[in-house]
Amino acid sequence: MPPSAAMPEQKPALVTAEDAKTHNLVSAKPVQITPPTSLSVVAENGPLEFIVQGHRGQFLRVQIDTGDHESPTAKIAVESESSAGPLKSITPEYCTEDSLFVLGADGAFGVSLDPGGHKEVKLDFSLLASKDPLVDAGIRPEQISFADKSVAEPIPYDHGCELGEPWPASLSIKGRKLLLRIAQVAGYKSMFPQDKGMQILISSLASGAAPDAKNLPYPNWGGDAATVMTARPLLIKGYGWRAWRWIEGSSQDGDYPGNIFFVAEGLTNDQRYFFRATAAIDHEAVKSLSPQNSAKYDETGSRLRLEQALAAADPASFTPNLNELDATVSSLDIRK
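Residues numbered from 1 in each chain as written. Predicted model: local features only at pLDDT ≥ 70, side-chain atom pairs only at ≥ 80, totals over all residues. Heavy atoms only, no water.

Caption draft 1: View of the overall build of the chain. Helices and strands together make up the secondary structure of the chain, namely six helices and 19 strands. A total of 336 residues make up the chain; the buried ones form 46% of that total. The contacts of the chain with a sequence gap of at least 6 include a subset with a gap of at least 24, amounting to 63%. When the accessible surface of the chain is totalled, it reaches about 16300 Å², and 50% of it is carbon and sulfur. (Helix = DSSP H or I, 4+ residues; strand = E, 2+ residues; numbered from the N terminus. Buried < 20%, exposed > 50% of the residue type's maximum accessible area, 1.4 Å probe, protein only. Contact = heavy atoms within 4.5 Å. Areas by Shrake-Rupley, 256 points an atom, 1.4 Å probe, with all protein chains shown as cover.)

Structural data, given as structure tokens:
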């Protein structure tokens, strides 16, 4: 919809959620929808128009699936009947498959789909309250006490769009040694409805049985690197929370880690908040046991020997000291 275009005067066609499940839609006039709803649209005739009724402070979320994740060129534009121009999504411009718009007034909002050359586009519309855990971390910097606290800042919802690590709205705390992020469990579940990692974390903390860390939230979190090893799991407790801590190794290519990290993931006892603490660490065994230094190049064998060495190593032999990192995480106090 061009910035100067007025809202259409004709009465829009109403489409129910049941219609959306069973019909492909193509219409020359705006289609009125009531989120949450999913639509499959035949888009060969160019841009399609929709109308959504919303309220000030709500978030309109529109997710697009073209079936082509390598080239998701379809785009959404949103305009209020009371505004002078289109709304700007709070997600990055390149993140066209998941757009999030803050509604600045009550009333009708025109939503325009540019199919970008795709013949069929699937759309998911939802309206989120301002306090929805996907867009509100539910916690402020002054509610956190942390021994390594230096800079604490709210981070808005971040879909990631394959260029980063997706997170619901969160609180980020950057310390001298650790990076800590806190979000609402409900926000994580909303963002990853098919993911089982959070439930595994909940169950394992309740039972005290160490899980495979690769099955917990944010596996392969190092961007373009994959988690190839985990070692030394430890259950730690703090003020109103429990967490698993472990050492994690990642690699961009191969079965032997190029880097190792300290990782802790925990939950408040009421299971409202989830936190993740990470730090780059080092140990001399990473270099000495590398397959590059072995007469027989065996990445898997070298990785297994590294896991054993790290499990048996003195905490002080790590840089930073493993005990000091554990103590820093244990200092976390989340005041509700």
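There is more to say after this.
Caption draft 2: Representation of the layout of surface pockets in the model. Of the voids in this model, the second largest pocket is the one considered here, and its volume is about 350 Å³. Lining of the second largest pocket is provided by 19 residues; of these, Lys75, Ile76, Ala77, Ser89 and Phe101 occupy positions nearest its centre. For the lining of the second largest pocket, the secondary-structure elements that each account for two or more residues are β7 (75-80), β8 (98-102) and β9 (107-114). No other element matches β7, which puts four residues into the lining of the second largest pocket. Here the lining of the second largest pocket is built from residues that sort into ten nonpolar, five polar and four charged. (1 Å grid on protein atoms, 1.4 Å probe; cavity = no way out; pocket = protein on both sides within 12 Å on 5 of 7 lines; lining within 4 Å. Points joined across faces, edges and corners; volume = space filled by probe spheres on them. Nonpolar A, V, L, I, M, F, W, Y, C, P; charged D, E, K, R; others polar.)

Caption draft 3: Looking closely at the pattern of salt bridges. Within the structure shown, the criterion is met by ten salt bridges. Among the salt bridges present, the one from glutamate 142 reaches arginine 140, with a minimum N-O distance of 2.9 Å. Lysine 177 is the partner of glutamate 324 in a salt bridge, and the nearest nitrogen-oxygen pair spans 3.1 Å. Residue glutamate 324 is found in helix α6 (residues 322-330), and its partner lysine 177 is found in the loop between β13 (170-174) and β14 (179-184); the two are separated by 147 residues along the sequence. (Salt bridge = Lys/Arg side-chain N within 4 Å of Asp/Glu carboxyl O.)

Caption draft 4: Representation of unusual backbone geometry. Omega for the peptide link from proline 35 to proline 36 comes to 0°, which places this bond in the cis form. Position of proline 36 relative to the elements: it lies in the loop between β3 (31-33) and β4 (37-42). For the bond from threonine 319 to proline 320, the omega torsion is -5°, close enough to zero to count as cis. Looking at the element boundaries, proline 320 is found in the loop between α5 (299-312) and α6.

On their own, these measurements won't tell you what the molecule is for.
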